[in-house]
Structure formats: C-alpha cells, structure tokens
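Chain and residue survey
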Amino acid sequence: MNQDDLKRLVGTAALDYVKADSVIGVGTGSTVNCFIEALINSGLRIEAAVSSSEATTRLLEAGGIQVVDLNQTGGLDVYIDGADEFDAHRRLIKGGGGALTREKIVAAASKKFVCIADQSKQVKVLGTFPLPLEVIPLARSLVARRMVALGGQPEWRENFTTDNGNWILDIHNLDLVDPVDMEKTINNLAGVVTCGLFAIRPADMVLMATKDGIKLL
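Summarised in this report is the structure supplied together with it. (Residues numbered from 1 in each chain as written. Predicted model: local features only at pLDDT ≥ 70, side-chain atom pairs only at ≥ 80, totals over all residues. Heavy atoms only, no water.)

One can describe the packing of helix α2 (residues 30-42) onto helix α3 (residues 54-62) by two numbers: an axis separation of 10 Å at closest approach and a directional angle of 15°. By the angle between their directions, the pair α2 and α3 is classed as roughly parallel. With respect to the hand of their crossing, α2 and α3 are arranged in right-handed fashion. Listed contacts from α3 to Asn33, Ile36 and Ile40 of α2 are Thr56, Leu59 and Leu60. Taken together, the residues of the contact of α2 with α3 sort by class into four nonpolar, two polar and no charged. (Axes fitted to C-alpha atoms, helices over the stretch in contact; angles between N-to-C directions. Helix = DSSP H or I, 4+ residues; strand = E, 2+ residues; numbered from the N terminus. Parallel < 35°, antiparallel > 145°, perpendicular 65-115°, else oblique. Left-handed = near helix turned anticlockwise from the far one by under 90°. Contact = heavy atoms within 4.5 Å. Nonpolar A, V, L, I, M, F, W, Y, C, P; charged D, E, K, R; others polar.)

Glancing now at the packing of aromatic side chains. Taken as a whole, this structure holds three aromatic pairs when the rule is applied. Consider the rings of Tyr79 and Phe113, whose centres lie 5.1 Å apart with planes at 45°: the pair is tilted. Of the two residues, Tyr79 is situated in strand β3 (residues 76-81) and Phe113 in strand β6 (residues 110-118); the sequence distance between them amounts to 34 residues. What links up through ring pairs into an aromatic cluster is the set Tyr79, Phe113 and Phe198. Above the face of the Phe198 ring, Lys94 is positioned so that its terminal group lies 5.6 Å from the ring centre. Here the basic side chain of Arg140 rests over the ring of Trp156, its NZ or CZ set 3.9 Å away from the ring centre. (Phe/Tyr/Trp six-rings, centres within 6.5 Å; stacked < 30°, edge-to-face > 60°. Lys NZ or Arg CZ within 6 Å of the ring centre and 35° of its normal.)

Here β6 lies mainly inside the structure; seven of its nine residues are buried. Strand direction decides the pairing type here: β3 and β6, joined by five bridges, are parallel. When the sheet's bridge partners are listed, Tyr79 is paired in β6 with Phe113. Examined bridge by bridge, β6 and strand β12 (residues 205-210) share five bridges and lie parallel to one another. Bridging from a neighbouring strand, Val114 pairs with Met205 of β12. (Buried < 20%, exposed > 50% of the residue type's maximum accessible area, 1.4 Å probe, protein only. Pairing = 2+ DSSP bridges.)

Take a look at the structure:
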C-alpha cells in the first residue's frame, strides 16, 4: 500500500464524521482531495460546504457541492483537513499549500476538527517540516528578522501569493518543543497574519492511515 493508497483510505474513513444534510468545513491538500472525491462518490448529501481555499472550492463545485461563505453559516459541526505534521497531542503544522489562514479560521468555527493524514506525517516533536507564516508583503523582511532572533531560518516562498493576497515565509529549524507558546509569540508579531501552528486549537482527533488500517488518535 503506497502513500496515495493511504490517503484514499483515510479520506474515505472521514466520511463517518459527516452528517447528512449538514454544512461542513473542508480543508486543502492532497489528502483532503481524496476526501472530496470520496464524498462526491459516496452519494451522501450535504447541504453545503465552507471551503478553506480557492482550489478546494473548485473541486467541491465541480462535484456538485454548494460552497457557502462562513459568514452565512455560523458555527460548523465538523471540519475535515489534513496536516503536514502532527504529534501525539494532535498539535499540527499546516500551510504547505499556503491556505493556513483560512484553514485556521474554519477550524476555529467548527465544533469538531477531524485531521486526516497518513503515518508519514506523525512526529515526536513538531518542526521537521518548515513552519509556514502568512505575512503582509510590507512586513516580509521585518518578520524574517524577528524569526531569526527566535532561532529560525526564514525562507521566502517566492512567486507564491496566498488567496488573501499575502506572502509566505517558511521557517526552518525552529525550536517547537512548546508549540502553544511559540504560536502565541509568532502571532503577536506585527505583520504576521497567522502561523501554521495549530497548537492552541489542535485537532480534536487524528485519523491516521497505516498499512494495517486506520488508527484514531
């Protein structure tokens, strides 16, 4: 069973957490794409979805699923999304696809955050995957200097603009032993829209695909 098989397996498993005729939050990324495909093919009818990116919106609408604005829905029952890394406490690094800000907003609006991932994304300590920061373009160099002072090595994701019109700094080699404190510290920096740490509000559960099946964390 290769990684694509594992992604399809966990994408299908996430359907168990979707209620018929509900409005759900849907994240971004290759594993979520497998969930969207499984949802479309399942015959399970939902009222609508709140999307975390323009790419996800296109996939949902192509499959006949209505996409609505979060401002029209209020709270959501469930949010389904992937992760670039997760630890044993269900804390995550997200943002490899650049949708971290909208992902964090939709997660915050949801009663339950179900993270779907394959076993390659599990780590003991977050930080092997570089931490994405969405920044206001004017503040790119300022934020980069602040991150150097915090012990990180920033890299500008050139030629990439988020759906919100901002830029991404990927921070390498940052000490994330206390991800909650680091999330607070980074999010308080002037010019940072948000960082890709989902530690203050971690996932409520992680569905992890392994060669032996789905494991629940």
